[in-house]
Amino acid sequence: DYKRPELQVPPEFRGQPTDVPACEKSIADLAWWDVFQDPPLKKLIDEALQNGYDARLAAWRVEEARANAGIARSEFFPQIQGEAGWSRNRFPDITSQVSGPVNLYDVNLGLTWEIDLWGRIRRLNEAALARYLANEEARRGVMLSLVSDVATAYFRLRALDYQLEIAKRTATAFQETYDLFNRRLEA
């Protein structure tokens, strides 16, 4: 049986006592895109999450892991198997006492249930659940990576726009200074 080891947690984190009132919310509790309050950024992130192939692929992997966990859980229940058959034969009149066609019907039913004495099914179920949870965390990681890539590219583009605006204002200021000196020279 796997048991998570006990952790020694300090009573304070970075000098802050742990008995902070619940009504005080930290900025870390807010979604970071709400902190920036930038509608174009929110729109880009929503579009990336809707159209991102990596995000869809991660969601499909989570669904696959969820189905595999369900299959592993089904080992706890009895299994019923059924089989039915029908055949029609004609025997030669010379060797058989029955003349004409003969119909044969066959029905088989089976019920099996494995008693989990050694914990094999329990461990399979735990492993499938762990794989499912790992895939769920991987999906969250892919989503976070996709959102951070979009946000990084957006902020880089915004920085380049500001640099371009500063360069244009600087060129205008230099042109105005040149024109001023040129007028003074002519005067």
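Okay, so let's go over this structure. The numbers attached to residues start from 1 for each chain and follow its sequence in the written order. Local features in a predicted model are, by the rule used here, given only for residues with pLDDT of at least 70; side-chain atom pairs are given and counted only at 80 or more, and totals for whole chains, interfaces and linings are based on all residues. Excluded from the side-chain calculation are hydrogens and water; included are all heavy atoms of the structure.

Some remarks on the overall build of the protein
By definition, any uninterrupted DSSP run of H or I lasting at least four residues is a helix, any uninterrupted run of E lasting at least two residues is a strand, and each is numbered from the N terminus. A count of helices and strands for the protein gives 4 helices and 4 strands. For each residue, the accessible area found with a 1.4 Å probe, counting protein chains only, is set against the maximum for its type, and the residue is called buried under 20%, exposed over 50%, and partly exposed in between. In the protein, which comprises 187 residues, the share counted as buried stands at 13%. Within the structure as shown, the protein displays about 16300 Å² of accessible surface, and the carbon and sulfur contribution to it stands at 58%. Per-residue and other accessible areas follow the Shrake-Rupley method at a 1.4 Å probe size, with only the shown protein chains counted as cover for residues.

Section: the side chain of Asn125
Topologically, Asn125 is positioned in helix H4 (residues 120-186). Residue classification places Asn125 among the buried positions, given a relative accessible area of 17%. Once residues lying within four places of it in the same chain are set aside, the contact partners of Asn125 are Ala69, Ala72, Arg73 and Phe76. A contact between two residues is defined here by any heavy atoms of the two lying within 4.5 Å.

Quick word on the pattern of salt bridges
Any carboxyl oxygen of Asp or Glu within 4 Å of a side-chain nitrogen of Lys or Arg constitutes a salt bridge here. Evaluated as defined, the whole model comprises 2 salt bridges. The partner of Arg158 in a salt bridge is Asp38, with the nearest N and O atoms 3.3 Å apart. Of this pair, Arg158 sits in helix H4 while Asp38 sits in the loop between helix H1 (32-36) and helix H2 (39-51), and the two are 120 residues apart along the sequence. For the salt bridge of Arg169 with Glu165, the shortest nitrogen-to-oxygen distance reads 4.0 Å. With Arg169 and Glu165 both in helix H4 and 4 residues apart, this pair spans about one turn of that helix.

A word on H4
Taking 1.5 Å per residue, 67 residues should reach 99 Å; H4 reaches 97 Å between its end C-alpha atoms and fits that length. For H4, every residue scored as buried is listed here: Ile121, Asn125, Ala128, Tyr132, Glu136, Leu146, Val147, Val150, Ala151 and Tyr154. The length a helix should cover is 1.5 Å for every residue beyond the first.

Considerations on the nonpolar core
We define the nonpolar core as a collection of buried residues of types Ala, Val, Leu, Ile, Met, Phe, Trp, Tyr and Cys that are connected through side-chain atoms lying within 4.5 Å of one another. One finds Leu41, Ile45, Ala48, Leu146, Val147, Val150, Ala151 and Tyr154 forming the largest nonpolar core, which totals 8 residues. Looking at this core, the elements with two or more residues in it are H2 and H4. Counting residues in each nonpolar core, the second largest holds 6 residues, with Val62, Ala65, Ala128 and Tyr132 among its members.

Re H2
The terminal C-alpha atoms of H2 lie 18 Å apart, and with 13 residues this matches the ideal 18 Å at 1.5 Å per residue to within 8%. For H2, the complete set of buried residues consists of Leu41, Ile45 and Ala48. Viewed end-on, H2 has its buried residues packed into an arc of 65°, placing them on one side of the element. For H2, the exposed residues set more than 90 degrees away from the buried face come down to Pro39, Lys43, Gln50 and Asn51. Taking the helix axis as origin, the arc is that swept by the directions to the C-beta atoms.

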